[in-house]
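Take a look at the letters that make up each chain.
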Amino acid sequence: MEQTLFLDRLTRLFAWARSKDFRGHDPHDLLESPLVRSVVGSMPSPARLVLLQLGRRSPVNLHTMLGVPSQENPKGLALFLSGLVKAKELAAPDWLATSKALAARLLKNEKYAWGYPFAWQSRTHFVPADGPTIVATAFVANALLDLYDFEQDPTLLAAAERSVEFMLCDIPRFESNFGIAFGYGPNDSQVVFNASLLGAELIARVGALKRNEEYLRLANRAAAFVVHYQDETGLWKYGLEPSQTWIDSFHTGFVICSLERISALTNDAQIKDSAQRGFENFRKNFITPDALPRYYYQRTYPIDAHSAAQCILTLLTFGDRALATKVAERSIELLGSEKGYFYYQVHPRYTNRIAYMRWSNAWMFRALAEITRPANI
């Protein structure tokens, strides 16, 4: 029964996204409003952060009201590409042609380093529109490798190699006695655990494909760095900065999934043990007894589409398909719209029904693609 539900949702979501040409708004894109775009660079950081948080938290679609354009987000395209390759014809009969078309759109960036199409401000740093980050680059390059695994097109592997070169040459690196950590982007040396590991995972994947032992060694050292900072709860804070002490579910999911994959590629038992301990605590603290995916540590609300999708993917990575199925069913129940797309968030007193393309729908498509395909594939 649930497979029929998942397949229906997968195909309807893909049809909706394709009808929009995979373009849309994002919770973090309010700085692209024509009302502020020309002065964003000169605004003080707190003002930029307030505007961005207003866009994130308002249940009213300020993005449309303030003229923010619908944009193509490379990370969103990458998630749709990876999902298509995983689900294949279950998602769409022309999945291969569409996958190649999405890859071609991504490969228009000949620097092989991707960012978001909007400027954004975090608690610690400002990133201009299209400013490359290790996170966006890792997702895009991994999506290209997903297609490469099926197509064996050397252009796709070469692009991923160029992305690794970007990470090794242009991203700051923090060295310690217990490992290394990659920064967030060029000229941005902050250590964010999930970001560093996403880069390391890509480096390990390319290292395995190219039989490059140095790449595998670097990825292993980056994983060892993160293992060192696993706390007594078995989890990780977001990063090393004093303002980065929160613990949330989807970044934790990124961390433990990357550790699991790196341990498989480098055959490191200590990294695998850390990933397993993290997963046990993830399952305990980020999922309610009735299978609701939590956003923050031991805090139920908001129920968020991004967190829900990563929760499903994390459970599947660690082999808990039964619980992943329950979380997927609850996520569809609470966040799925009758038009095929997924809402942003559910709060105790209201539902934010904005249909964000990258944050909510690309992620849910990626999760549905993974849980819809047969378990033995």
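Residues numbered from 1 in each chain as written. Predicted model: local features only at pLDDT ≥ 70, side-chain atom pairs only at ≥ 80, totals over all residues. Heavy atoms only, no water.

(A) Broad picture of the nonpolar core. Core analysis: the biggest nonpolar cluster contains 127 residues, and L81, L144, F182, L259 and I312 have the highest contact counts within it. Looking at this core, the element that brings in the most residues is helix 6 (residues 134-151), giving twelve residues. Not counting chain neighbours up to four residues away, the residues in contact with I312 comprise A324, V327, A328, M364, A367 and I371. Formed by five residues, the second largest nonpolar core is a distinct cluster that contains L31, V40, M43 and A119. (Core = buried A, V, L, I, M, F, W, Y, C linked by side-chain atoms within 4.5 Å. Buried < 20%, exposed > 50% of the residue type's maximum accessible area, 1.4 Å probe, protein only. Helix = DSSP H or I, 4+ residues; strand = E, 2+ residues; numbered from the N terminus. Contact = heavy atoms within 4.5 Å.)

(B) The layout of surface pockets, seen in detail. Computed from the structure, the largest pocket encloses a volume of approximately 810 Å³. Every residue lining the largest pocket is counted, 32 residues in all, and those nearest its centre are K86, R261, T317, R366 and E370. Secondary-structure elements contributing two or more residues to the lining of the largest pocket are helix 4 (74-87), helix 6, helix 8 (193-210), helix 10 (249-266), helix 12 (305-317) and helix 14 (357-372). Grouping the amino acids of the lining of the largest pocket by side-chain chemistry returns 15 nonpolar, seven polar and ten charged. Counted as a void, the second largest pocket has a volume near 640 Å³. Around the second largest pocket sit 32 residues that line it, and H28, W120, Y238, W246 and H251 are the ones nearest its centre. Going through the elements one at a time, helix 2 (45-57), strand 3 (120-121), helix 10 and helix 14 are the ones with two or more residues in the lining of the second largest pocket. The greatest single-element share of the lining of the second largest pocket, amounting to five residues, is contributed by helix 2. Classifying every residue of the lining of the second largest pocket gives 15 nonpolar, eleven polar and six charged. (1 Å grid on protein atoms, 1.4 Å probe; cavity = no way out; pocket = protein on both sides within 12 Å on 5 of 7 lines; lining within 4 Å. Points joined across faces, edges and corners; volume = space filled by probe spheres on them. Nonpolar A, V, L, I, M, F, W, Y, C, P; charged D, E, K, R; others polar.)

(C) Representation of the sheet that holds strand 8 (residues 345-346) within the structure. Across the sheet, which stays open at both edges, the three strands sit in the order 7-8-9 with antiparallel pairing between neighbours. Looking along the sheet, the strands with just one partner apiece sit at the ends: strand 7 (303-304) and strand 9 (351-352). Relative to strand 9, strand 8 is paired through two bridges, and the arrangement is antiparallel. Across the sheet, the residue bridging to Q345 is N352, located in strand 9. (Pairing = 2+ DSSP bridges.)

(D) Focus on the packing of helix 13 (residues 321-335) against helix 14. The N-to-C vectors of helix 13 and helix 14 enclose an angle of 140°; their axes lie 11 Å apart at closest approach. Classified by the angle their axes make, helix 13 and helix 14 are oblique. When you trace helix 13 past helix 14, the crossing you get is left-handed. Residue-level inspection shows R321, A324, T325, A328, S331 and I332 of helix 13 in contact with helix 14, the latter providing M364, L368, E370 and I371. (Axes fitted to C-alpha atoms, helices over the stretch in contact; angles between N-to-C directions. Parallel < 35°, antiparallel > 145°, perpendicular 65-115°, else oblique. Left-handed = near helix turned anticlockwise from the far one by under 90°.)

(E) Quick look at the packing of helix 9 (residues 213-228) against helix 10. Packing of helix 9 against helix 10 brings their axes to within 10 Å, and their N-to-C directions diverge by 140°. When the axis of helix 9 is compared with that of helix 10, the two are oblique. Helix-helix and strand crossings are classified by hand; for helix 9 and helix 10 the assignment is left-handed. Residues L216, A219, N220, A223, V226 and V227 of helix 9 form the contact with helix 10, whose participating residues are V255, L259, I262, L265 and T266. When grouped by side-chain class, the residues that make up the contact of helix 9 with helix 10 number nine nonpolar, two polar and no charged.

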